[in-house]
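# Breakdown of the fold
Listed below, chain by chain, are the residues.
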Amino acid sequence: MSDFKGVVVYCEIKGDKILPIAAEALGIGRKLADDLGQELAAVIIGGGIAAVAPQSVAQGADKVYVIDTPQLKEYQADAYLAALEKAVNQVKPAIVIMGQTDSGRELAPRLAFRLGAAATLDCVDLAIDADTRRLLQTKPVYGGNAQAVFTAAADPQIVTIRTKAMAALAPDPARKGEVVNLPVEIDAAVIKAKITERVVEEVAGIKLEDAQVVVSGGRGIGGADGFKQLDELARLLKGAVGASRPPCDNNWIADTAQIGLTGKIIAPEVYIAVAISGSSQHMSGCSGSKTIVAINKDKEANIFKQARFGVVGDWKKVLPAFIQKLKDLAAA
Ligand SMILES: Cc1cc2nc3c(=O)[nH]c(=O)nc-3n(C[C@H](O)[C@H](O)[C@H](O)COP(=O)(O)OP(=O)(O)OC[C@H]3O[C@@H](n4cnc5c(N)ncnc54)[C@H](O)[C@@H]3O)c2cc1C
C-alpha cells in the first residue's frame, strides 16, 4: 500500500484572504477526502499570513500547514516551489490540488517533476474511482472539443482546477481545525529568477472573472468604437466586457479582455456573445457559462449551436434596441 494519504490543497492568498479558487479547491478537496475517508489539509505560504489560516478551515480543511516567513512575502516561483515541496514531502498526500492560476500553472508541473509524479492541469472535474481509489481527472482536450479522463500512476497525484468549475462550500466559521506552523528557510541559491517589475492590471468596474454577466465582442464588432456600446450594455447589466482574440490583437480592447484557450476562462451566469463566430478556442474559455446568448448576422455561425438564446441579425441594429429595452424596463 502507498505511504501517500489524504488530500492537500495549496491555497493561494491575496492580501489577507484566500483566493476564491482556493475555496473551490477546498470544496472539491473535502469531497475527495471524505470519499477516501482521509484528511483534507491546506497549505498557505507567505509573509505575515497567520490570520488567514482559519479561512481554510472554515472552507473545509481539517488541518492547515502555515509557511510564514518574510522571505515569502512576495510571490517568487523558485522560493514558493521550495516551500511547497517541503510541505508536500512532510504531509505525503495522495492528492495535491491547486488553482489553474498563473502560479498554479507554474508550480504544479515543477512540483510534479521534482517529486517524480505527474501533473494534470486545468481539470474541470475530479472524482475518486470506486475500484482503484485513484483520482479521476477530467479535463478539456482538443481545444475544448472533447473531455478526457486521466489517472496518474505515481503519487502524489497533482492537479490544477479551472476557475468556477467546482463549487466552494459555504464558509463555516465554527468549523474546528488544527494549525501547524512549518518553519522553512529558503536557501538564496535556489532563487534563480529575479522579479524586476510588477505591473498591476487596473480594472474599472467588475473584474471579468468575477462578473455574473459578461458581454463579449468579436471581430464583427469592427473597431474600438463598437466596444463602447458593449460597455454601455455591460454597465446596465452590472457586468463586465470581454472579447474574442481578434479585437485584442487589433487593440480595440486590452489583451486582458481575451476569453478562450489562450485568454481567460470564465463561467458567468449569462454570457452575451456579440459578433463572435464561436470557434472552439473561444468557447473553451466561456463554455462553462450558465446561459449563452448570441447575436450574429450569420445564422449558420457555430455560436448558435452553443447558445440557449440567439438573435440572427446585425448587432448595430440589435444592440441599441436591446439597450433601449433594458432602459425602459429599469425606468418602469
Ligand atoms: C492556438 C490558438 C489559440 C487561440 N486562442 C484563442 C482565444 O483564447 N480566444 C479566442 O477568441 N480565439 C482564440 N483563437 C482564435 C480563434 O481560432 C478564432 O480565430 C477567433 O476566436 C475568432 O474570433 P471571432 O469569432 O471574433 O471572429 P470570426 O471568426 O471572424 O467571427 C466574426 C463573427 O462576427 C459575425 N459578424 C460580422 N459582422 C457582424 C454584424 N454586423 N453583426 C452581427 N454579427 C456579425 C460573423 O458572422 C462571424 O460569425 C486561437 C487560435 C489558435 C490557433
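As shown above, the structure is provided for reference.
Residues numbered from 1 in each chain as written. Predicted model: local features only at pLDDT ≥ 70, side-chain atom pairs only at ≥ 80, totals over all residues. Heavy atoms only, no water.

### Topic: the side chain of Asp-122
Where we set the bar: A run of H or I in DSSP counts as a helix once it spans at least four residues, and a run of E counts as a strand once it spans at least two, with each numbered from the N terminus. Pairing of N or O atoms within 3.5 Å defines a polar contact, subject to two protein rules: one partner must be a possible hydrogen donor and the other a possible acceptor, and residues neighboring in sequence count only if both atoms are side-chain atoms. Whether two residues are in contact is decided by their heavy atoms, any of which lying within 4.5 Å being enough.
In this structure, Asp-122 sits in strand β7 (residues 118-123). One polar contact links Asp-122 to Arg-162, side chain to side chain, over a distance of 2.9 Å. Not counting the four nearest positions on each side in its chain, Asp-122 is found in contact with Gln-100, Lys-139, Pro-140, Thr-160, Arg-162 and Ile-265.

### Notes on the environment of Val-311
The test is simple: Relative accessibility decides the category of a residue: with a 1.4 Å probe and only protein chains considered, values under 20% of the type maximum give buried, values over 50% give exposed, and everything between is partly exposed.
Position of Val-311 relative to the elements: it lies in strand β17 (residues 309-312). Accessibility expressed as a relative area gives 33% for Val-311, which makes it partly exposed. As for Val-311 and Ala-82, which are separated by 229 residues in sequence, their C-alpha atoms are 52 Å apart. For Val-311, the contacting residues outside a window of four places in its chain are Ala-294, Ile-295, Asn-296, Phe-304 and Val-318.

### Topic: the sheet that holds strand β9 (residues 135-141)
Using the following cut-off: For two strands to be treated as a pair, DSSP must find at least two bridges joining them. For helices, the fitted axis covers only the stretch in contact; all axes are lines through C-alpha atoms, and the angles between them, taken along N-to-C directions, range from 0 to 180 degrees.
The antiparallel open sheet is built from three strands, whose spatial order is β8-β9-β10. Each edge of the open sheet carries a strand with a single partner, namely β8 (125-128) and β10 (146-150). Mean inter-strand twist for the sheet, computed between neighbouring axes without regard to direction, equals 25°. By the bridge criterion, four bridges tie β8 to β9 in an arrangement that is antiparallel. Counted as the bridge partner of Asp-125 is Thr-138 from β9. Packing against the sheet, helix α1 (residues 20-36) makes contact with β8 and β9, and its axis sits at approximately 15° to β8.

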